[in-house]
Amino acid sequence: MNVIETTGLTKYYGEVRGVEDLSLSVGKGEVFGFLGPNGAGKTTTIRTLMGFQSPTEGTATVLGADITDAAALRDARGRIGYLPSEPGFDENVTGRRLLEYHGSLRGDVRSEELLELFDPPLDRKVGQYSRGNKQMLAIVMAFMHDPDLVVMDEPTSGLDPLKQDQFLEFIRAEQERGKTFFFSSHILSEVRKVCDRIGIIRNGHLVELENVESLLDRTGKVVRANVGGAVTAEEFAIEGAHDVTVSGESAEGAAPVTTESDGGGEDSTTVSFTYTGPYQPLLRHLLNYDLLELAIEEAPLEDIFMRFYGDHDAEAVVERVENGRTDGHDGHEETDSRNAEAADV
Ligand SMILES: Nc1ncnc2c1ncn2[C@@H]1O[C@H](COP(=O)(O)OP(=O)(O)OP(=O)(O)O)[C@@H](O)[C@H]1O
């Protein structure tokens, strides 16, 4: 049984699309990253999965519980940790009091251990907390009952880089203990570090869902070669090479070749391109030149992200044509169920 399973999950806020026709599954022990730009539908998906708002269409189960079955979901919640994007705490009480209260509701088997890693000033009122301290308190609350599944909405927001790394390391250790994670992010580097699979959501639709490594394979390597003498971009139009630029000039059109001087009087040219083929033909080709410098690097995940969101390329991979939507939704403006959520946190 999958830990999370959604089929055609759709949520509209009146006429406003939150998420549409989302089908995905997350298996036990998986770290699933749910990526998307602002307004893509990440929070909507998470809040619907947590039962804070009802879907307009479609179904979903979390730890086997149907999200529209309040009693089943309540039982399942004992095994779920939830880290909201903006924890809504009562600001007039101390962090310690909030932990005690949360522990009495959900259980507390490991807050002491967690507080060694994430250490908000427990005896201060939460209203005086910095954003990062609030986030650390929320992290402790999400994990203190040792849940099997943790659903997290932008979990590292507010944390400083050191704490972010600590948090990601913690996630990896928890995964080794068999825990499952579903988390939203628009920070690609963190997704890359911990996720087994990612889903990319764009304008409410799931765009791409695959193994991070295979996504990187498809995107290819960034090659930058500095060669002696003058060369043209056309010379590097080998199979698998894309977007060839020569000393900053595009391969398209009659690009003039500019050369650089290395200071010793000898000209050289820098050729850059993305490469999606095997190494051998690339290296064979490069060896035809006086190779002065060579760098072959993985494409930054940011580029991949842009490829899926860039207007031109994204169209090639969007699974559904977005024609807008005029029928079938409940026409009911959902009010923010922040109160239910705050009580839950
Ligand atoms: N309570 C609400 N009432 C009406 N519209 C909403 C509500 N919540 C979200 N929306 C709309 O649904 C769409 C998806 O929003 P959502 O917050 O799920 O995106 P997101 O991917 O989490 O964005 P962000 O990264 O900014 O948090 C947006 O157009 C948003 O304006």
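Structure report, in brief. If you're wondering where the values come from, they're calculated on a predicted model, not measured in any experiment. (Residues numbered from 1 in each chain as written. Predicted model: local features only at pLDDT ≥ 70, side-chain atom pairs only at ≥ 80, totals over all residues. Heavy atoms only, no water.)

### Quick look at the overall build of the protein
Each helix and strand in the protein was counted, giving 12 helices and 16 strands. Pairs at least 24 apart in sequence give 73% of the contacts found in the protein among residues at least 6 apart. When the accessible area of the protein is evaluated, it comes to approximately 16,400 Å², of which 47% is carbon and sulfur surface. (Helix = DSSP H or I, 4+ residues; strand = E, 2+ residues; numbered from the N terminus. Contact = heavy atoms within 4.5 Å. Areas by Shrake-Rupley, 256 points an atom, 1.4 Å probe, with all protein chains shown as cover.)

### What about unusual backbone geometry?
The phi angle at L63 is positive, at roughly 50°, despite the residue not being glycine. Among the secondary structure elements, L63 is positioned in the loop between β4 (57-62) and β5 (65-66). Exposure remark for L63: the relative accessible area of 12% places this residue in the buried category. The phi angle at E154 is positive, at roughly 50°, despite the residue not being glycine. Secondary-structure assignment places E154 in the loop between β7 (149-153) and α6 (161-176). (Buried < 20%, exposed > 50% of the residue type's maximum accessible area, 1.4 Å probe, protein only.)

### Structural notes on the site of the ligand
Near the ligand, the surroundings consist of 15 residues, among which G39, G41, K42, T43 and T44 are the closest. Within the contact set of the ligand, an oxygen atom lies 3.0 Å away from a side-chain nitrogen or oxygen of N38. Contact between the ligand and G39: an oxygen atom at 2.7 Å from a main-chain N or O atom of the residue. Across the complex, the protein chains shield 68% of the 630 Å² of accessible surface that the ligand would expose by itself. (Near = heavy atom within 4 Å. Polar contact = N/O pair within 3.5 Å; in protein donor to acceptor, adjacent residues only side chain to side chain.)

### Notes on the nonpolar core
If you look at the biggest cluster of nonpolar residues, it comprises 35 residues, and the most contacted ones within it are L137, F143, M152 and F167. Elements with a contribution of two residues or more to this core: β3 (31-35), α3 (95-106), α5 (131-143), β7, α6, β8 (180-185), α7 (188-194) and β9 (197-202). Of all the elements, α5 adds the most residues to this core, at 8 residues. Ignoring any residue separated from it by four or fewer positions in sequence, one finds M152 in contact with I46, L83, F143, F167, I171, F181, F182, F183 and S184. Counting residues in hydrophobic clusters, the runner-up holds 28 residues, among them I4, L24, F34 and V151. (Core = buried A, V, L, I, M, F, W, Y, C linked by side-chain atoms within 4.5 Å.)

### Side note on a nonpolar patch on the surface
A contiguous nonpolar patch, built from Y279, L283, L287, L291 and L294 and spanning about 440 Å² of accessible area, is present on the exposed surface. When contributions to the nonpolar patch are tallied by element, the ones reaching two or more residues are α9 (279-286) and β16 (291-298). Residue position: L283 is located in helix α9. Accessibility expressed as a relative area gives 35% for L283, which makes it partly exposed. (Patch = residues over 30% accessible without salt bridge, like charges linked within 9 Å, V, L, I, M, F, W, Y side chains within 5 Å. Salt bridge = Lys/Arg side-chain N within 4 Å of Asp/Glu carboxyl O.)

### Comments concerning the sheet that holds β4
Read from one edge of the open sheet, 4 strands run β2-β1-β4-β5, paired in antiparallel fashion. Only two strands of the sheet have a single partner each, and these edge strands are β2 (16-26) and β5. Relative to strand β1 (residues 4-13), helix α1 (residues 42-49) is tilted by about 115°, and along the sheet it contacts β1, β2 and β4. (Pairing = 2+ DSSP bridges. Axes fitted to C-alpha atoms, helices over the stretch in contact; angles between N-to-C directions.)

### Quick notes on the packing of α5 against α6
Close contact between α5 and α6 brings their axes to 13 Å; oriented N to C, the two are set at 5°. Considering the angle they form, α5 stands roughly parallel to α6. Between α5 and α6, the residues in contact are M136, I139 and F143 and K163, F167, F170, I171 and E174, respectively. Here the contact of α5 with α6 is composed, by residue class, of 6 nonpolar, no polar and 2 charged. (Parallel < 35°, antiparallel > 145°, perpendicular 65-115°, else oblique. Nonpolar A, V, L, I, M, F, W, Y, C, P; charged D, E, K, R; others polar.)

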